[in-house]
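Analysis of the macromolecular model
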Amino acid sequence: MTAVLDTPTGTPTPPVRTVASRPSPVAAGLTAAQVEELGRRLDAIRDRVVASRGADDAAYIHSVIRKQRYLEIGGRALLFAGVLPPAWVAGTAMLAASKILENMELGHNVMHGQWDWMRDPKIHSTTWEWDNTSPAAAWKYTHNYEHHTYTNVVGRDRDVGYGILRMSDEQPWRPYYLGNPLWNALLATFFQWGVALHDLEAEKIASGEKSLKSIWPQLKAIGRKMRRQFTKDYLVFPALAGPFFLPVLAGNATANLVRNLWSHAIIFCGHFPDGAVQFTEEQLADETRGQWYLRQMLGSANLDGGPLFHLMTGNLSFQIEHHLFPDLPSNRYAEIAPEVRALCAEYGLEYTTGPLWKQYGQVLRTINRLALPPRVAGSPPASR
Amino acid sequence: MFKALVALTTPLLPEDYLSLVDPLWSTTELRGRVVAVRRETARATTLVIRPGRAWTGHRAGQYVRIGVDVDGVRHWRTYSLSGPEGGQDITITVQAVADGLVSRHLVDATPVGTIVRLEPAAGDFVLPSPVPSKLLMITAGSGITPVMSMLRTLGDHPDVVVLHSAPTADGVIFADELRARGAVVRHTGEQGRLDLAELDVRCPDWREREAYVCGPAGLLDAATAHWADHLDRLHVERFTPPARSAGGEGGTVCFGDREVDVDGGASLLEAGEDAGVLLPSGCRMGICFSCVLPLRDGQVRDLRTGEIHGEPGDLVQTCISGATGTARLDLPTT
Ligand SMILES: Cc1cc2nc3c(=O)[nH]c(=O)nc-3n(C[C@H](O)[C@H](O)[C@H](O)COP(=O)(O)OP(=O)(O)OC[C@H]3O[C@@H](n4cnc5c(N)ncnc54)[C@H](O)[C@@H]3O)c2cc1C
Ligand code: FES
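All values reported here derive from a predicted model rather than from experimental measurement.

1. Here's the deal with the sheet that holds strand S7 (residues 135-140) of chain B
Residues and elements named next belong to chain B.
- Read from one edge of the open sheet, five strands run S9-S8-S7-S10-S11, paired in parallel fashion. Two strands bound the open sheet, and with one partner strand each, they are strand S9 (184-187) and strand S11 (234-238). Between one strand axis and the next, the sheet turns through 10° on average, direction left out of account.
- Contacting S7, strand S8 (160-166) and strand S10 (210-215), helix H4 (residues 144-154) crosses the sheet at an angle of about 145° to S7.

2. Some details on the sheet that holds strand S2 (residues 44-51) of chain B
Residue and element names in this part refer to chain B.
- Taken together, the six strands give an open sheet; going across it, the order is S4-S3-S6-S1-S2-S5, and neighbouring strands pair in antiparallel fashion. On the outer flanks of this sheet lie strand S4 (73-80) and strand S5 (90-95), each paired with one strand and no other. Neighbour-to-neighbour, the strand axes of this sheet turn through a mean angle of 40°, independent of strand direction.
- Bridging between strand S1 (residues 31-39) and strand S6 (residues 115-118) involves three bridges; their strand directions are antiparallel. Looking at S6, one finds that arginine 33 is bridged to isoleucine 115.

3. Focus: helix H2 (residues 55-80) of chain A
- Helix length check: H2 of chain A (26 residues) gives 38 Å between terminal C-alpha atoms against 38 Å at 1.5 Å per residue, within 8%.
- Every buried residue of H2 of chain A is listed here: Asp57, Ala58, Ile61, Ser63, Val64, Ile65, Gln68, Arg69, Glu72, Gly75, Arg76 and Leu79 of chain A.
- The elements touched by buried residues of H2 of chain A are helix H1 (32-52), helix H3 (85-111), helix H8 (216-240), helix H9 (245-271) and helix H11 (307-312) of chain A together with helix H2 (14-18) of chain B.

4. With respect to a positive patch on the surface
- On the surface, a cluster of positive charge is contributed by Lys220, Arg224, Arg227 and Arg228 of chain A.
- With respect to the element layout, arginine 228 of chain A can be found in helix H8.

5. Remarks on the pattern of salt bridges
- The tally for this structure, following the rule as stated, stands at 48 salt bridges over all chains.
- A salt bridge links aspartate 314 of chain B to arginine 119 of chain A, with the nearest nitrogen and oxygen atoms 3.0 Å apart. Highlighted residues: aspartate 314 of chain B in the loop between strand S15 (308-309) and strand S16 (315-317) and arginine 119 of chain A in the loop between H3 and helix H4 (136-149), drawn from two different chains.
- Under the relative-accessibility criterion, aspartate 314 of chain B is labelled buried at 9%.
- In the salt-bridge network here, residues are joined through shared partners; they are Glu72, Arg76, Lys99, Asp131, Lys232 and Asp233 of chain A.

6. Re the pairing of S4 of chain B
Residues and elements named next belong to chain B.
- Along S4, six of the eight residues are buried, which leaves the element largely enclosed by surrounding structure.
- Examined bridge by bridge, strand S3 (residues 63-70) and S4 share eight bridges and lie antiparallel to one another. Residue pairing for S4: valine 70 is matched across the bridge by valine 73.

7. Overview of the UniProt feature "domain: FAD-binding FR-type" (unreviewed entry) in chain B
- Listed under "domain: FAD-binding FR-type" (unreviewed entry) in the UniProt record, and renumbered for this structure, are residues 27-128 of chain B.
- Secondary structure content for residues 27-128 of chain B is 8% helix and 42% strand, and the end C-alpha separation is 32 Å.

8. A short note on the packing of aromatic side chains
Residues and elements named next belong to chain A.
- Under the counting rule described, the total for this entry stands at 17 aromatic pairs over all chains.
- On the basis of an interplanar angle of 65° and a centroid distance of 5.9 Å, the ring pair of tyrosine 145 and tyrosine 150 is categorised as edge-to-face.
- Tyrosine 145 sits in the buried class, given a relative accessible area of 15%.
- Here a set of aromatic residues connected by ring pairs shows up, and it is made of Tyr162, Phe191, Phe268 and Phe272.
- Seen from the ring of tyrosine 150, arginine 156 lies directly overhead, with NZ or CZ sitting 4.0 Å from the centre.

9. Remarks on the site of ligand 1
Residues and elements named next belong to chain B.
- Inspection of the region around ligand 1 gives 22 residues, with Arg77, Thr78, Tyr79, Ser103 and Phe239 positioned closest.
- The separation between an oxygen atom of ligand 1 and a polar main-chain atom of threonine 78 is 2.6 Å.
- Contact distances for ligand 1 include 3.0 Å between a nitrogen atom and a backbone N or O atom of threonine 93.
- When isolated, ligand 1 has an accessible area of 890 Å², and the protein chains bury 77% of it.
- Contributions of two or more residues to the shell around ligand 1 are made by S4, S5, helix H3 (101-108) and S11.
- For the shell around ligand 1, the element with the most residues is S4, which contributes four residues.

10. As for the nonpolar core
- Among the nonpolar cores identified, the biggest contains 37 residues, and Ile61, Trp115, Met118, Ile123, Trp128, Met167 and Phe268 of chain A are the most heavily contacted of them.
- At the level of secondary structure, the elements contributing two or more residues to this core comprise H2, H3, H4, helix H6 (191-198), H9, H11 and helix H14 (356-370) of chain A.
- Sort the elements by how many residues they give to this core and H3 of chain A lands first, with seven residues.
- Sequence-distant contacts of methionine 118 of chain A, that is, excluding residues within four places in its chain, are made with Ala58, Ile61 and Ile123 of chain A together with Gly72, Val73 and Arg74 of chain B.

11. Some words on the UniProt feature "domain: Fatty acid desaturase" (unreviewed entry) in chain A
- The feature "domain: Fatty acid desaturase" (unreviewed entry), as given by UniProt, occupies residues 87-353 of chain A in the numbering adopted here.
- Counting secondary structure, residues 87-353 of chain A comes out at 57% helix and 1% strand; the distance between its end C-alpha atoms is 37 Å.

12. Describing the side chain of arginine 69 of chain A
- Considering the arrangement of structural elements, one finds arginine 69 of chain A in helix H2.
- Put simply, arginine 69 of chain A is tucked away with no salt bridge, and the nearest opposite charge, on aspartate 16 of chain B, sits 4.4 Å away.

Reading the values: rules and limits
Residues numbered from 1 in each chain as written. Chains lettered and ligands numbered in written order. Predicted model: local features only at pLDDT ≥ 70, side-chain atom pairs only at ≥ 80, totals over all residues. Heavy atoms only, no water. Pairing = 2+ DSSP bridges. Helix = DSSP H or I, 4+ residues; strand = E, 2+ residues; numbered from the N terminus. Axes fitted to C-alpha atoms, helices over the stretch in contact; angles between N-to-C directions. Contact = heavy atoms within 4.5 Å. Expected span 1.5 Å × (residues − 1). Buried < 20%, exposed > 50% of the residue type's maximum accessible area, 1.4 Å probe, protein only. Patch = residues over 30% accessible without salt bridge, like charges linked within 9 Å, V, L, I, M, F, W, Y side chains within 5 Å. Areas by Shrake-Rupley, 256 points an atom, 1.4 Å probe, with all protein chains shown as cover. Salt bridge = Lys/Arg side-chain N within 4 Å of Asp/Glu carboxyl O. Lys, Arg positive; Asp, Glu negative; His and termini not counted. Charge placed at Lys NZ, Arg CZ, Asp CG, Glu CD. UniProt positions renumbered as here; feature names shortened; annotations may be inferred. Phe/Tyr/Trp six-rings, centres within 6.5 Å; stacked < 30°, edge-to-face > 60°. Lys NZ or Arg CZ within 6 Å of the ring centre and 35° of its normal. Near = heavy atom within 4 Å. Polar contact = N/O pair within 3.5 Å; in protein donor to acceptor, adjacent residues only side chain to side chain. Core = buried A, V, L, I, M, F, W, Y, C linked by side-chain atoms within 4.5 Å.

Here you go:
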């Protein structure tokens, strides 16, 4: 459990300060006691969902797994007839949808332990391996631990820029960042490879924090996983198709590309649209449970859409709810979102949300702005 | 061949796709499908289960561990196999325990078609080979199940004495079959419990018989005392319930073979580390699941909700779990 900070009661301490680049959160107006009260109310929501998990939730995840596997089989089968353009398009679309479901609604969420309560070793955070070049073990460390514990803390949360982009005014500008939009386009295109390498924390090798030798076993694991994934999609399945080698290869490559672009967009919309707040390392010191909740709420942004959209984002369209309760089953985020939103309204906190096109537009604008040195780029957009 | 298939299905296994057609085709998990359900009494049901191909059979008297999903959560319990040796299908006969989570689910809410998880049959409450010429079976309640497997396997063995007890006439599992096999059935509600001293009258040569006893703890303890001088002839099977916490905060927890006292408010992670045990961890606040360790036995307390939980094999998040009585956790092997 987190240590509870002894804040002198009554002092209206701003529980979080934002980094210069971001609009100051309205949260500055909350007292320490209010922040802890908010924490308790969020705990209550969590307890209620935990207590009501049951057969319906289990049926839900089993059905998503079934659908994903049928989509994959169907997509790959159609691609074997891929010389016919309609079959190629349909097969590629099905395979892309299957990969998106597998990575987002299944892999990401299962590895968070969202389904561990079912005690099914086949659907468990400790056993799941996903259809992605990043090995599950490395992913769980950088994502579940680093990103979810130190969310949006510049310097601690390596999802802020993935070690290659400038995503915050707190990151000192270097001429290298002139390429920010280009690096981002490359990251989006090769997202699964980027994520796999991201797990290596290569920038820590450059800075001398990690030795090359210490990452050797990890490098081997990533290499093994990459080889298997590559062989499956780019050698074995195309080869099985015999004379139709090329259409299958192209279909698989396109499906992987679509999945890369989509997951990159959804993930970047989770923390970098206007209104999502970043934090500094000092703010982490002696953080209470309530303050941690507050940082998760203010640092995350949702996406608006219908049920199918939410499913295809792996329910990361409920990024705020996911960051508050990373281990609650994803199918329950929609149900608690109105309550979380009402809590935000009650405490005067911003609940950042918007349609995908708008949020992603803001993300791209920020990426472009941060490519330039602060003097040229000017200050960040003002909050609403 | 298998390797070539795995190249197609990586990171999954071929069985993960084949299971879409038939869950029993799993090669990593032994599964079974309920193919028939037979009501035995108001509180007891026999389930006929077709196991997957990896099932290696059982010896009469053995039990099977079976994993059942109740309200989405997998629970493992042990049931004696009640059918004869051999054959394609296996049977278990379950009697509902008051407040029993799994037994009531199996008795009342398990339709034909349900998929269950299985482990290979185990247990040494079995008949020796060659089968002794004189046998004595003393059973009570659901304790009849392993003995019924023996009787069914023996067919018409010339000399088996069966003394079975159940509270009422309606509550006797396998009543007709027992009668047909010449068993003496006692209704303890009217006649009171069997006093083993009566054996001298009911079965004067009991000392010469290979004896098989299964039933409530009281009966088994009495039998062990009664056979004190002939223990090599006595075989007992205990339907011991899994250890449960008596509640309360704090306790003694074994990490591997290191025993650590854990205070009421402390997490297992903190207490273990303070005692110098090397434990995996990450966020230390219950969100990343880096700290999970398998529970060997006992239970733990969720420090966030106060809920006491745990069954053998569960993975416990040590950073948000405290002690409640005794428990043992296995350490990671690396
Ligand atoms: C080797 C072996 C063979 C078994 N064979 C059979 C069998 O053939 N048929 C059968 O019906 N059961 C059998 N059992 C018992 C079975 O494994 C379960 O313990 C029983 O079905 C209760 O499980 P539950 O989930 O319903 O109860 P739980 O929800 O686990 O427990 C509910 C309450 O009942 C108590 N309780 C649980 N089990 C018992 C018990 N066995 N005796 C007394 N109190 C108990 C618990 O302490 C608790 O208070 C066997 C057990 C063992 C160890
Ligand atoms: S250390 Fe992160 S869940 Fe326990």
